[in-house]
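In case you want the letters, here they are:
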Amino acid sequence: MAQQSLRQKLEILADAAKYDASCASSGTAKKNSLGGKGVGSTEGMGICHAYAPDGRCISLLKILLTNHCIFDCHYCINRKSSNVARARFTPQEVVDLTLNFYRRNYIEGLFLSSGIVRSANHTMEQLVEVARILREEHDFRGYIHLKTIPEADAEIIHEAGLYADRVSINVELPTRAGLTRLAPDKNETQIEGAMGRTKARIIEAKDERKRFRHAPRFAPAGQSTQMIVGADGANDTAIIGKASRLYGSFGLRRVYYSAFSPIPDASAVLPLKRPPLLREHRLYQSDWLMRFYGFAPGEVADATEADGNLPLDIDPKLAWALKFRESFPVDVNRAAKEQLLRVPGLGTHAVGRILAARRHRTLRLDDVARLTASIAKVRPFICALDWRPTLLTDRADLRRLLAPQQEQLELF
């Protein structure tokens, strides 16, 4: 076999990493290299782009250590039986790439995952070695996200958390039955056991930092996971329920959703077509409703259609409001924050501005229009000093009026 150049390896392993969506870099402790100390930074503006909550774009080198794998998950392009070009980095090659890309101002951090080669422990040790060299030998202070392997020993995963800002373990699929059928080498109990141990260690490390100033940090940006959408028969109700349980049980920072993408030489048990990308988007919107808008998982599930999936033509909050019109209209001058957050078209920032503004004056519809970018969606669900929706809230064709207009694009 011909020796591969570093460029050829990078081309193969960067492309292979594109299926992992869980590479956001928000929430880490801020570090910098001011004063001539260390290399890298988790701050500032800039290969993969992630976005922090304040809108900063953070560039990450997103690669696999190797796409060789001893597992044969049906949905994975890097599975053992897949006919794809294979490549493998050494830990030192990943370190050199990270440092060289950083010095050229291409990246601000590293997202490193891997197929499982030889054994879970061997692969996990290689991932940890990359992070160790960067941190200890080069004093790298940029962001590091390591994808951990639940089959590896707990001590190795613990070591990963000492070097990485964030760690993640993919639950892969929303249901135990789907995981058993499509990923026979993986085990839900083992995956969740590893997530539980990581959660406990994060809590323990935070407590130690309160009592001892120089106690080591452990995954200060927390842990995340990813679910594949559309590879099995799980509907959105099942996915929402699973995500809620993961947040509650393991204190995850994020659950990421990745629409299944058909792969070459696919297994016969997989669907022939990928789900609409809009479905993935609707799941992220439902995730936001639970995390920032006070919706319970059951309430988000109430917004689904008869097949248990969220509607694609309208967002989940609007779908919920149309089903529960008895909760509207809401008076913007008197309603509690929790009620305002359920109004379609009002985001968390808009609600905050409404609460601040109404302390000084009674709000009219024009005032609300200046505080939100979507007054047409808001109007049927609110009352203001000079506005009452009267029969608008109960119109039978309200969904059609508020759904985004579909536009046929021209080919020429």
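Everything in this summary refers to the structure shown in the same document. Every chain is numbered independently, its residues counted from 1 as its sequence is written. pLDDT decides what is reported in this predicted model: residues at 70 or higher carry local features, side-chain atom pairs at 80 or more are listed and counted, and totals for whole chains, interfaces and linings draw on all residues regardless. By convention in this description, side-chain values take in all heavy atoms of the structure and omit both hydrogens and water.

**Thoughts on helix α3 (residues 120–137)**
How we decide: Strands are runs of DSSP state E lasting at least two residues, helices are runs of H or I lasting at least four, and both sets are numbered from the N terminus onward. Take the residue count of a helix, subtract one, and multiply by 1.5 Å to get its expected span. For every residue, the accessible area obtained with a 1.4 Å probe (protein chains only) is divided by the maximum for its type, and the residue is called buried under 20%, exposed over 50%, and partly exposed between those limits.
Taking 1.5 Å as the rise per residue, α3 with 18 residues should run 26 Å; its terminal C-alpha atoms sit 25 Å apart, in good agreement. If you check which residues of α3 are buried, you get Ala120, His122, Thr123, Met124, Leu127, Val128, Val130, Ala131, Arg132, Ile133, Leu134 and Arg135. Phi turns positive one or two residues past the end of α3, at aspartate 139, with a value near 50 degrees.

**Considerations on the packing of aromatic side chains**
Two aromatic rings are characterised by how far apart their centres lie and by the angle between their planes. Rules: Between rings of Phe, Tyr and Trp, where Trp is taken as its six-membered ring, a pair exists when centres lie within 6.5 Å; planes separated by under 30 degrees are stacked, by over 60 edge-to-face, and by other angles tilted.
A complete count under the given rule lists 8 aromatic pairs for this structure. Summarising the aromatic geometry, the rings of tyrosine 257 and tyrosine 284 are spaced 5.2 Å apart at their centres and angled 80 degrees between planes, so their arrangement reads as edge-to-face. Of this pair, tyrosine 257 sits in strand β7 (residues 254–259) while tyrosine 284 sits in helix α8 (residues 277–292), and the two are 27 residues apart along the sequence. Across the pair, exposure class does not vary: tyrosine 257 and tyrosine 284 are buried alike. On the basis of an interplanar angle of 85 degrees and a centroid distance of 5.4 Å, the ring pair of phenylalanine 295 and tryptophan 320 is categorised as edge-to-face. You can see phenylalanine 295 sitting in the loop between α8 and α9 (297–301) and its partner tryptophan 320 sitting in helix α10 (residues 316–323), a full 25 residues away along the chain. The same class applies to phenylalanine 295 as to tryptophan 320, namely buried.

**Thoughts on the nonpolar core**
Selection rule: Residues belong to one nonpolar core when they are buried, are Ala, Val, Leu, Ile, Met, Phe, Trp, Tyr or Cys, and are joined through side-chain atoms within 4.5 Å. The criterion used for residue contact is that any of the two residues' heavy atoms lie within 4.5 Å.
If you look at the biggest cluster of nonpolar residues, it comprises 111 residues, and the most contacted ones within it are Tyr75, Leu112, Tyr257 and Phe381. Considering each element in turn, this core owes the most residues, 8 residues, to α3. Setting aside anything within four residues of it in sequence, one finds phenylalanine 381 in contact with Leu318, Ala321, Leu322, Phe328, Pro329, Val330, Val343, Pro344, Leu398 and Leu402. Within the second largest apolar cluster, 5 residues are counted, among which are Ile58, Leu60, Tyr143 and Ala221.

**Quick look at the pairing of strand β3 (residues 109–113)**
As a reminder, the rule being used: Here the rule is simple: two strands pair whenever DSSP picks up at least two bridges between them.
Here β3 lies mainly inside the structure; 5 of its 5 residues are buried. Here β3 shows two buried faces, one formed by Gly109, Phe111 and Ser113 and the other by Leu110 and Leu112. Bridge count for strand β2 (residues 57–64) against β3 is 5 bridges, and the pairing is parallel. In the strand pairing of β3, leucine 60 is matched with glycine 109.

**Concerning the pairing of strand β4 (residues 143–147)**
Rules: With the strands pointing away from the viewer, any crossover whose connection runs clockwise from the first strand over the helix to the second is right-handed.
In terms of burial, β4 is largely enclosed, as 5 of its 5 residues are buried. Two strands pair when backbone bridges link them, and β3 and β4 are joined in this way by 4 bridges, in the parallel orientation. Paired with phenylalanine 111 across the strands is histidine 145, a residue of β4. Taken together, β3, α3 and β4 form a β-α-β motif whose crossover is right-handed. Here 3 bridges tie β4 to strand β5 (residues 166–168), and the two strands are oriented parallel to one another.

**Concerning the pattern of salt bridges**
Working definition: two side chains of opposite charge can pair if their charged atoms are close together. Operational definition: Think of a salt bridge as a Lys or Arg side-chain nitrogen and an Asp or Glu carboxyl oxygen that are within 4 Å of each other.
The full count for this structure, using the stated rule, is 25 salt bridges. Between glutamate 137 and arginine 132 there is a salt bridge; the shortest N-O distance is 3.0 Å. The partner of glutamate 188 in a salt bridge is arginine 176, with the nearest N and O atoms 2.8 Å apart. Placement of the pair is glutamate 188 in helix α6 (residues 188–211) and arginine 176 in helix α5 (residues 176–182), with a sequence separation of 12 residues. Using a relative accessible area of 13% as the deciding quantity, one classes glutamate 188 as buried. According to the relative accessible area criterion, arginine 176 is partly exposed, its value standing at 48%.

**Description of the packing of helix α2 (residues 91–103) against α3**
Note the threshold: Axis lines are fitted through C-alpha atoms, for helices just across the contact stretch, and the angle between N-to-C directions can take any value from 0 to 180 degrees. Angles below 35 degrees are treated as roughly parallel, those above 145 as roughly antiparallel, those between 65 and 115 as roughly perpendicular, and all remaining angles as oblique. The handedness criterion is simple: a crossing whose near helix is rotated anticlockwise from the far helix by less than a right angle is left-handed, and one whose near helix is rotated clockwise is right-handed. For this scheme, ten residues count as nonpolar: Ala, Val, Leu, Ile, Met, Phe, Trp, Tyr, Cys and Pro. Four count as charged, namely Asp, Glu, Lys and Arg, and the remainder, Gly too, count as polar.
At a closest axis distance of 9 Å, the pairing of α2 and α3 adopts a crossing angle of 45 degrees. Put simply, α2 runs oblique to α3. Handedness of the crossing formed by α2 with α3: right-handed. On the side of α2, the interface is formed by Pro91, Gln92, Val94, Val95, Thr98 and Leu99, while α3 contributes Gln126, Glu129, Val130, Ile133 and Leu134. Residue classes in the contact of α2 with α3 are distributed as 7 nonpolar, 3 polar and 1 charged.

**Considering the environment of isoleucine 116**
When you line up the elements, isoleucine 116 lands in the loop between β3 and α3. On the basis of relative accessibility, which here comes to 6%, the residue isoleucine 116 falls in the buried class. When residues no more than four places from it in sequence are discounted, the contact partners of isoleucine 116 are His68, Cys69, Ile70, Phe71, Thr123, Ile149 and Glu151.

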